[in-house]
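Inside the fold
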Amino acid sequence: QRLPGVKILAGGPQSTQAKIDNIDIIDHFVQGEGELIFSQLLENIESNDPPLPKVLTHDKNIRINLDSLPIPDYRDFNIELYNFKGVASELSRGCIAKCQFCSETTFWKYRGRSAERVLEEVEYNYNTHGIQTVWFIDSLVNGNLKELRAFAKGVIANGLDIKWTGYARCDGRMDLEYLQDLADSGCV
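Notes on the structure follow.

A word on unusual backbone geometry. In this structure, Asn48 is a non-glycine residue whose phi angle is positive, near 55°. Among the secondary structure elements, Asn48 is positioned in the loop between α2 (35-46) and β3 (55-57).

In this section: the pattern of salt bridges. Evaluated as defined, the whole model comprises 12 salt bridges. The closest approach of N and O atoms between Glu35 and Arg93, which form a salt bridge, is 2.3 Å. Placement of Glu35 in helix α2 and of Arg93 in strand β5 (residues 92-93) is noted, with a sequence separation of 58 residues between them. Two residues, Arg149 and Glu177, come together in a salt bridge whose shortest N-O distance is 3.7 Å. Remark: Glu177 occurs in helix α6 (residues 176-184) and Arg149 occurs in helix α5 (residues 145-157); sequence separation between them is 28 residues. Exposure remark for Arg149: the relative accessible area of 21% places this residue in the partly exposed category. By relative accessible area, which is 57% here, Glu177 ends up exposed. In this structure, a network of salt bridges that share partners links the residues Glu33, Glu35, Glu90, Arg93 and Arg111.

Tallying each qualifying case throughout the model produces five aromatic pairs. For the pair Phe151 and Trp164, a centre-to-centre distance of 5.7 Å together with 80° between the ring planes defines the contact as edge-to-face. Taken together, the residues span a long stretch of sequence, with Phe151 in helix α5 and Trp164 in strand β8 (residues 163-165) at a distance of 13 residues. As far as the burial class goes, Phe151 and Trp164 line up, both buried.

One open sheet holds the three strands; their spatial order is β1-β2-β3, and the pairing between them is parallel. Only two strands of the sheet have a single neighbouring strand rather than two, namely β1 (9-10) and β3. Relative to β3, strand β2 (residues 28-31) runs parallel, the two sharing three bridges. Paired with Val30 across the bridge in β3 is Leu56. Each of β1, β2 and β3 is contacted by α2, which is oriented at about 130° to β3, the strand it contacts most.

Strands belonging to one sheet form pairs held by backbone hydrogen bonds; the direction of such a pair is parallel or antiparallel. The parallel open sheet is built from three strands, whose spatial order is β4-β7-β8. Either end of the sheet is taken by a strand with one partner, and the two such strands are β4 (86-89) and β8. Geometrically, the sheet is characterised by an average inter-axis angle of 20° between neighbouring strands, direction not taken into account. Relative to β8, strand β7 (residues 133-136) runs parallel, the two sharing three bridges.

Here Tyr110 shows up in the loop between α3 (104-107) and β6 (111-112). Separated by 30 residues in sequence, Tyr110 and Leu140 place their C-alpha atoms 9.2 Å apart. Leaving out residues up to four positions away in the same chain, Tyr110 has contacts with Arg63, Ser92, Arg93, Gly94, Cys95, Ile96, Leu140, Gly143 and Asn144. Within the local environment of Tyr110, its side chain forms a polar contact with the backbone nitrogen of Asn144, the two atoms lying 3.2 Å apart.

What follows deals with the nonpolar core. Val122, Phe136, Phe151 and Trp164 are the most contacted members of the largest nonpolar core, which totals 23 residues. Looking at this core, the elements with two or more residues in it are α4 (115-129), β7, α5 and α6. If one sorts the elements of this core by residue count, α5 sits on top with five residues. Look past the residues within four positions of Val122 in its chain and what remains in contact with it is Ile131, Val134, Phe136, Phe151, Leu160 and Ile162.

Thresholds applied
- Residues numbered from 1 in each chain as written.
- Predicted model: local features only at pLDDT ≥ 70, side-chain atom pairs only at ≥ 80, totals over all residues.
- Heavy atoms only, no water.
- Helix = DSSP H or I, 4+ residues; strand = E, 2+ residues; numbered from the N terminus.
- Salt bridge = Lys/Arg side-chain N within 4 Å of Asp/Glu carboxyl O.
- Buried < 20%, exposed > 50% of the residue type's maximum accessible area, 1.4 Å probe, protein only.
- Phe/Tyr/Trp six-rings, centres within 6.5 Å; stacked < 30°, edge-to-face > 60°.
- Pairing = 2+ DSSP bridges.
- Contact = heavy atoms within 4.5 Å.
- Axes fitted to C-alpha atoms, helices over the stretch in contact; angles between N-to-C directions.
- Polar contact = N/O pair within 3.5 Å; in protein donor to acceptor, adjacent residues only side chain to side chain.
- Core = buried A, V, L, I, M, F, W, Y, C linked by side-chain atoms within 4.5 Å.

Here you go:
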């Protein structure tokens, strides 16, 4: 009401599962991955084309290459205002498990980013914005054990003094030596 020209968008699992109670207060909500839809929506608004539908759905058969996404731009974001100078990032999307109770497997199929690309993003934010913490928002950071370990070893090799965290499944292949590499890289 205060800013009638502002567009309000919603997304995430609740949108995908159509569990939003009052859609009247939202201009658009996105079901599925939002990057391509968000770009399309911005182009639509800027060109004054006819409005897009309220519900915008990403085709599950079109899989975004996560390594192709640009490094997030935090230049206008004051990280100093927060107790932990941190950013969110992702190593992967989806999950390798097929749990019947979870919507993750219907939301998207598992795919990950290369350790090299994730490390490039973290190092950029470390050097440019002084981040100290990375919250990996993945459903499963250890879906690809090789890439997770390569990321951890890259953090150590590049001397990045960070803390990072994320959700993982118990995996017997993650022995003590593997877990030590994660801890040495700042995993908490």
